[in-house]
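An overview of the molecular structure
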Amino acid sequence: MSVVREAGDSLPESLPALPFDEPSRPDSRIEWWFFHGRFGGEQVEERYFMASIFRTRLPDQNDQTIDGFSALISVLDPATGHQLTSSRVDRSIVLALGRPGADGGIDPFSPRVVADELRRYGVPREFDCPQAEPSFSGDPLTFHWGDLRLASQPHGVHLAFNEPGAGRSIFFELTPATPGLVIEAVRTIGEPKEAMQYSTWPSMRLRGTAGDLKISGECWFDHQWGGRAWFQSQDSPPRARGWDWLGFRLDDGSQGVLSTHWDVESGEQIARHVTFRDCSGTVHVCRSFEWTPLRWWTSIATRITHPVEWRLRVPEWDMELVFVPFADNQEIRVFGPLRAIWEGAGRVRGRMRGRSVEGSSRLESQGRGYISDSSAYLRAWASLVDRELVRFLPKAIEESDIRRYAGPPTWLYEPSSYTSTLAEPLWDLMGREGKRWRAVFSFLLLDSLGRDPEPVRDVVFVLPEMLHNASLIIDDIQDDSALRRGQESIHRRYGLDVAISAANTAYFLPLLLVLDHAVLTTEEKRATCEIYQRQLIRAHLGQSLDIFWTHTLSATQLDCWMADSIGPKILQMYALKTAAPLEGLAEAAVLLARIGPAARQPVVQFARCMGLAFQLIDDIKNFSSSPSWGKQRGEDLRAGKLTYLILRALERLAPPEREFLSDMLCRPDRRCDPGLLNQGIELVVHSGACEQVREEARALVAPAWEAFSLFVPPSSSKMELRFLWESLVDPSTENQEPLQS
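Because the structure is a prediction, the values reported are computed rather than measured. Along each chain, residues carry numbers from 1 onward, in the same order as the chain's sequence is written. It should be noted that, the model being predicted, local features are given only for residues of pLDDT at least 70 and side-chain atom pairs only at 80 or more, the latter also being counted only at that level, while totals for whole chains, interfaces and linings use all residues. The basis for every side-chain value is the complete set of heavy atoms in the structure, and neither hydrogens nor water enter the calculation.

Observations concerning the nonpolar core
Counting residues in each nonpolar core, the largest one holds 117 residues, and the members touching the most others are Tyr377, Leu393, Phe441, Leu445, Met466, Leu637 and Leu642. When checking whether two residues touch, look at their non-hydrogen atoms; a contact exists if any pair is within 4.5 Å. The contacts of Leu445, once residues within four sequence positions are left out, are Leu585, Ala586, Ala589, Val603, Phe708 and Leu721. Put simply, a nonpolar core is a bunch of buried Ala, Val, Leu, Ile, Met, Phe, Trp, Tyr and Cys residues held in one set by side-chain atoms that sit within 4.5 Å of each other. Only protein chains enter the calculation, and the probe is 1.4 Å; a residue is then buried if its accessible area is under 20% of its type maximum, exposed if over 50%, and partly exposed in between. Counting residues in hydrophobic clusters, the runner-up holds 30 residues, among them Ile73, Leu141, Ala210 and Phe221.

This is the structure in structure tokens:
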């Protein structure tokens, strides 16, 4: 039976030595060593730790294979819930990422984009990439990578690392308190030639030092090796897999391991088991059990939603346990397509065979961080953005909300009226699954520039979304659009007066967030409001020009415009109407991040080009036949709008087709004829203009990104910004849900 000791207890010198034989498997494709537990001492506060070392067989530039290494370390203060982590990767993995075979083909986070960012600009700041090369030998096991050291000993393992953040050197001498255990159940997961092997030492005594101070405690050690069955299927192309793992050590000395494995895209379960060793040493295996998430937590850093509290029921054993973490934020960044895992310490409590039980435990959740496409990526953001939106503008407005907006009443307020005329129309539109990508852009940009967006998350999310949705309502009124995001336009559903009032209020209401903000300085508030007002003016000037062209369009006028550089004028109109709000977000990010004046121009230029590219792609989407396009196909042509895409189509078409399209564009009677309109749409689509405009969109953003990157160091947020704009202009996203207006 294991004796559970407090972290400060000294360990007897005469404990019996158990046999320990856990050799490395250097011929396996994947291998990792996983340690977790707790330590403390008379002068050292209790800490929970995790250290994992991963070895992966990689292809090199000569079509040979080499070993790549990565490591994760975390240390948690259970009293405060504060965790410090480090995630390191060696240069061979950095160089190999994106090469054929390096990720098995499952990386949905655009391998070309990631590889190009790494090659051009380096490793994101969230990861360490030491200059020192890892040193590894499998017989006996010895591993040395700077401060990180692992070595097998005749009766256990030595492990050393520097504590993340604090830099304090940690040294453990680990010896088994109970025999090791082979988890036979995992060998059936996936295809036999890609199967994993798993041995565990769930109870190891820990003694060592933290700095110069003595520590003791307990540790759990896992060793796994084999193929890729846990990570991907053998399909072509392979399908990513994930797992949830729970290790628990009850206070009576019994130990258990649970794992469930599932397909990332479908969620379909592939394999499951609970392996339990009771106090007598007898091992039990069960595959029929209930494993239910009780609570989820969403990381603001990665937007991954992790299950952090679980219930395990095993009727066959009359067992029910609930895992509760010491802290929700025990996420750890992982280099590559996984992005992050949740790896957390906690306790299990419950009953087994009629008696109460509890013990130490750790939960691992892996596979929920993959990004399959831009739509899935933005959906992960949407709940975070909407949380701030509804906090600022509740769906049912009460008097306390009116007091926030307008101060105390002189006589009496009528809150229900604002629900009907403000909240309902705005939330009707905002609730139609808009992608919130402007809020995402704002958050990622601020984080890329080095200022933590979390304290100003409300401003970062609410300001761009309220402004954008207000502009959509006004735009639909001016164009008399029937649909917006697949439903009736707001002015048609609620009436012109309500729509105009709601939109105008939404333009100005979010400025209260800035003016009343507890974190922003007085100067930051003033400057942010000024930036917002200037960009609002520019956006309205762009809209005025758009309206002017639509109202004055005629065959004669069109010929004059096309002979007089109308293309650059349309782009300038887009820069005012569509790009100005993004420029404003960039100006505000530069201000809040307090970066030097030299960086301002490339940052704002990138935002301007991003806004222009979005409008160009939006012109293309207007002619999309995809069901996900939430407006009428060819609506721009039907409304007689000379967009940049239609201009390029007119320039490319042969004279007879050009005359047909020009005549239709200028004559409302022809545009309203469904048959003629369909002919016009097909002329635009088959003219080659869509492909040309898409290339022009890329040609706008790509050089602006390069200039931006000279001033902005690599980070995960910068990588995601790249993914965002690449998804916008990449033809492979044509069948995804569009980044909607």
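What to know about the side chain of His223
Helix numbering and strand numbering both begin at the N terminus, where a helix is a DSSP run of H or I of at least 4 residues and a strand a DSSP run of E of at least 2. Counting through the fold element by element, His223 comes out in strand E12 (residues 213-226). Identification of polar contacts relies on pairs of N or O atoms within 3.5 Å, with a donor-acceptor requirement for protein atoms, meaning one able to donate a hydrogen and the other able to accept it, and with residues adjacent in sequence counted only if both atoms are side-chain atoms. A polar side-chain atom of His223 sits 2.7 Å from a polar atom in the side chain of Glu22. A polar contact of 2.7 Å, which involves the side chain of His223, links it to the side chain of Glu31. Not counting chain neighbours up to four residues away, the residues in contact with His223 comprise Glu22, Pro23, Ser24, Arg25, Glu31, Trp32, Trp33, Gln197, Tyr198 and Ser199.

Focus: the confidence of the model for the protein
For every residue, the predictor assigns a confidence score, pLDDT, that lies between 0 and 100. Averaged over every residue, the pLDDT of the protein is 91; the share at 70 or more is 93%. Here residues 1-16 scores under 50 on pLDDT; set against residues more than four positions off or in separate chains, the count is 32 contacts. In the model, residues 104-109 has pLDDT below 50 throughout and makes 21 contacts with residues more than four positions away in sequence or in other chains.

Considerations on unusual backbone geometry
In this model, Asp139 is joined to Pro140 through a cis peptide bond whose omega is -10°. Looking at the element boundaries, Pro140 is found in the loop between strand E5 (135-138) and strand E6 (141-145). Following Ser236, the chain continues into Pro237 via a peptide bond in cis, with omega recorded as 0°. Relative to the elements of secondary structure, Pro237 occurs in the loop between E12 and strand E13 (241-250). With a phi close to 50°, Asp318 is a non-glycine residue in the positive phi region. Topologically, Asp318 is positioned in the loop between strand E18 (305-314) and strand E19 (319-325). Its relative accessible area of 33% is what places Asp318 among the partly exposed residues. Not every positive phi belongs to a glycine, and Arg339 is a case in point at roughly 70°.

Comments concerning helix H5 (residues 415-430)
If you look at H5, its biggest bend is around 35°, right at Ala423, and the proline Pro425 turns up within four residues after that. Burial in H5 covers these residues: Pro415, Thr419, Leu422, Ala423, Pro425, Leu426, Trp427, Asp428, Leu429 and Met430. At any given residue, the bend is defined as the angle formed between two axes, one fitted to the seven residues that end at that position and one fitted to the seven that begin there.

Digging into the pairing of strand E16 (residues 283-286)
Between any two strands, pairing holds if DSSP finds at least two bridges. Across 4 bridges, strand E15 (residues 269-277) lies against E16 in antiparallel orientation. Bridge pairing links Thr275 to Val285 in E16. Following E15, the chain reverses through 5 residues before pairing antiparallel with E16; Gly281 in that reversal takes a positive phi of roughly 95°.

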